[in-house]
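# Summary of the model geometry
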Amino acid sequence: QVQVVESGGGSVQPGESLRLSCAVSGSVLNIYTMGWYRQAPGKQRELVADVNLGGTTSYADSVKDRFTISRDNARNMVDLQMNSLKPEDTAVYYCNVVLRRTWSPNTEMYWGQGTQVTVSS
């Protein structure tokens, strides 16, 4: 089995920073893509940033130059450093991973339970 657990959400004022972390555990052979999505009330879930096994990153235009995604392959973790936060960044943030489990020939996608980020003055 695989577990995906996020941490680090909270409430901050505009302009402040937060760091989200996501840890993947279980019988994992390879993690191909690790990413962060978010869903604001009444809106669809959207990609914030992701990073592939080779280290190539991609970002939503709305967070470029403010957010940085990084992964630690040795610990099966991915972090999202969020700087200069804005009220429109308020959402539930979800960790997403695409991986292959030990002894399985299939590529599978897993989601974390979500962590709330609130940016308000």
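Predicted model, so just to flag it, every value in this text is computed and none were measured.

## Focus: the sheet that holds strand E1 (residues 2-7)
Hydrogen bonds between backbone atoms are what pair the strands of a sheet, whose relative direction is either parallel or antiparallel. The sheet built from 4 strands is open, its strands ordered E1-E3-E8-E7 with antiparallel pairing. The open sheet has two free edges, formed respectively by E1 and strand E7 (67-72), since each of these has just one partner strand. Averaged over all neighbouring strand pairs, the angle between strand axes comes to 15°, with direction disregarded. Pairing geometry for E7 and strand E8 (residues 77-82), over 6 bridges, is antiparallel. Bridge pairing in E8 places Ile69 opposite Leu80.

## Things to note about the nonpolar core
With 30 residues, the main nonpolar core has Val24, Trp36, Leu80, Met82 and Tyr93 as its most contacted residues. Where this core is concerned, the elements lending two or more residues are E1, strand E3 (18-26), strand E4 (28-39), strand E5 (46-52), E7, E8, strand E9 (91-101) and strand E11 (115-119). With 5 residues, the top contributor of residues to this core is E9.

Thresholds applied
Residues numbered from 1 in each chain as written. Predicted model: local features only at pLDDT ≥ 70, side-chain atom pairs only at ≥ 80, totals over all residues. Heavy atoms only, no water. Pairing = 2+ DSSP bridges. Helix = DSSP H or I, 4+ residues; strand = E, 2+ residues; numbered from the N terminus. Axes fitted to C-alpha atoms, helices over the stretch in contact; angles between N-to-C directions. Core = buried A, V, L, I, M, F, W, Y, C linked by side-chain atoms within 4.5 Å. Buried < 20%, exposed > 50% of the residue type's maximum accessible area, 1.4 Å probe, protein only.

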